[in-house]
Amino acid sequence: MTYSAHAGTTTRVDKETGAVMHIITDTPGINTIGYPTCRTWSADGRSLFIESSRPRSDGTAVHGERQLLKVDIADGKVTHLATLDAEDVAQYGKAHKIISSQYHADYAPETNTLVYYDMTAHNMYLLDLDTGRRERILHEPEGTIGDPPSISMDGTRITYYVIYPAVENRFFTDLNSVIFVLDIDPATLKPIGEPRVVVAFPGVKGTKYAQDPTDRIHVDHCQINPTNKDHISYAHEFSARYADGSLPKTRLWQVMADGTGRKPLCRMDPGEGHTHEVFGPKGKTVYFASIGYVFSVDFESGRKTMVCDARKYGACHIAVSPDERWIAADMWLGEGNDEHGNPISGILLVDTRTGKQTVVCKFPRKQGHPGHPHPNFSPDGTKIAFTLADGPNTQVGWVDVSEVIRNAGQ
């Protein structure tokens, strides 16, 4: 369904770089692209899939809901795809955990389908964008689904994680985290069998847990290799300030969909931070940020390579171009705030062949989710989508980087 009054588009020109930023939303509240591990562009590169806290297309506003939308990047035409419902959580009792619920969807370009889950995080759906038909593929009454899900390019496999309640003791917290895979028939939008456990992990307390409850470990951030749906990357999630060089406190892991081959991608040294990892589109490498540096790690050899030293710009969340020639990073610049108190951020483009770093544009960001820029390359690698702060609101924009790429070729 298309909104009767679409958002339209506006442009902002970066005074320092001359880059034109195209802003394709203008509504109050939350408007955001997907998480960097997810595909947020349509296969033809003409539209972005976004989440918005605006009312439904009929004007109905429900507290806590969001809408899943497709927005044309040229004219801002908005198509309503689905409502991310907010249920009464009382029905789930202790099975409902208050965990991050900010990024709900991923896209399978080969079948033009979207997987998404609702705001309360107990129901998951598959949506056929060609027909508009959707099916609920999962109801999880005993735990809470974490964000975001990941779907294979061909739409036949989904990986996701769930937080389940547990009995706390002196070693473990009151939650368990479990990574699942669920196989799908894209033609019928139906699951093939039941979800299968890939990794089950108890909530481990760190040695400082009694003084600081953030010193704990769980598993999350699972994502499917874009070229091999049997291969999954996931994270041991913990506060980086408690990194001690141990195996449990090693961030980056890999596993096969049948649960075999589970091992760390690379170890973390004490005090080191690995975060915001994403698959390289060629499926051979994971890229990640580490205190302003950007690294890659090869699956087969485990060799860790520094891609660039971007500490000057505070490189944080990253995206990788389809040919893996370019890295886009959002910047934690330390350049102060705008008039609304939003920190100044922007997009940094890194040439992986030469190491050259180019500031594409600057704009404000929010301090927390879902207001981080989270750059995301278009399928042809010439555009980067992002989320930016707009006073108390967030909006979605994109910028063309084809000229920077063309100049590098010359």
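Below: a short report on this structure. The structure displayed is predicted, hence computed values, not measured ones.

### Description of the overall build of the protein chain
When its secondary structure is counted, the protein chain shows one helix and 31 strands. On C-alpha atoms alone, the protein chain measures out to a radius of gyration of 20 Å, which is about the 22 Å that the 2.2 N^0.38 rule sets for 410 residues. The buried share of the protein chain, reckoned over its 410 residues, is 57%. Pairs at least 24 apart in sequence give 50% of the contacts found in the protein chain among residues at least 6 apart.

### A closer look at the packing of aromatic side chains
Applying the stated rule across the entire model yields ten aromatic pairs. Geometrically, the ring pair formed by Phe-49 and Tyr-107 is tilted, given 4.7 Å between the ring centres and 50 degrees between the ring planes. Separated by 58 residues along the polypeptide, Phe-49 in strand E4 (residues 47-52) and Tyr-107 in strand E7 (residues 105-108) bring together distant segments of the chain. Residue classification places Phe-49 among the buried positions, given a relative accessible area of 4%.

### Digging into the sheet that holds strand E3 (residues 31-32)
Backbone hydrogen bonds hold the strands of a sheet together, and the pairing may be parallel or antiparallel. If you trace the four strands from one edge of the open sheet to the other, you get E3-E4-E5-E6, paired in antiparallel fashion. A single partner strand is all that each edge strand has here, and the edge strands are E3 and strand E6 (78-84). Relative to E6, strand E5 (residues 66-72) is paired through six bridges, and the arrangement is antiparallel. Directly across from Arg-66, in E6, lies its bridge partner Leu-84.

### Some points on the pattern of salt bridges
Enumeration according to the criterion identifies 19 salt bridges in this entry. One salt bridge connects Glu-135 with Lys-190, and the closest N-O pair in it is separated by 3.3 Å. Taken together, the positions of Glu-135 in strand E10 (residues 134-139) and Lys-190 in strand E15 (residues 190-191) put the pair 55 residues apart, joining distant regions of the chain. You can call Glu-135 partly exposed: its relative accessible area is 22%. It is possible to trace a salt-bridge network through shared partners that takes in Arg-157, Asp-183, Arg-196 and Asp-230.

### Considerations on the pairing of strand E14 (residues 172-185)
As a general feature of sheets, a regular strand has side chains that alternate between the two faces. Summarising burial for E14: ten of the 14 residues are buried, a large majority. Where strand E13 (residues 157-165) and E14 come together, nine bridges link them in antiparallel fashion. The partner of Val-162 across the bridge, within E14, is Val-178. Linking E13 back to E14 in an antiparallel pair, the connection comprises six residues. Inspection of the sheet shows E14 paired to strand E16 (residues 196-205) by seven bridges, in the antiparallel sense. In the strand pairing of E16, Phe-172 is matched with Val-204. Relative to E15, E14 is paired through two bridges, and the arrangement is antiparallel. Along E15, the bridge assignment pairs Ile-184 with Pro-191. Where E14 folds back onto E15 in an antiparallel hairpin, the turn is made up of four residues, including Leu-189, whose phi is positive at roughly 60 degrees.

### Some thoughts on the side chain of Glu-277
As for its position among the elements, Glu-277 is in strand E21 (residues 275-279). Here Glu-277 falls in the buried class, since its relative accessible area comes to 0%. Every residue in contact with Glu-277, bar those within four places of it in the chain, is listed here: Thr-37, His-221, Gln-223, Ala-235, Arg-251, Leu-252, Val-286, Tyr-287 and Phe-288.

About the criteria used
Residues numbered from 1 in each chain as written. Predicted model: local features only at pLDDT ≥ 70, side-chain atom pairs only at ≥ 80, totals over all residues. Heavy atoms only, no water. Helix = DSSP H or I, 4+ residues; strand = E, 2+ residues; numbered from the N terminus. Rg over C-alpha atoms; globule rule 2.2 N^0.38 Å. Buried < 20%, exposed > 50% of the residue type's maximum accessible area, 1.4 Å probe, protein only. Contact = heavy atoms within 4.5 Å. Phe/Tyr/Trp six-rings, centres within 6.5 Å; stacked < 30°, edge-to-face > 60°. Pairing = 2+ DSSP bridges. Salt bridge = Lys/Arg side-chain N within 4 Å of Asp/Glu carboxyl O.

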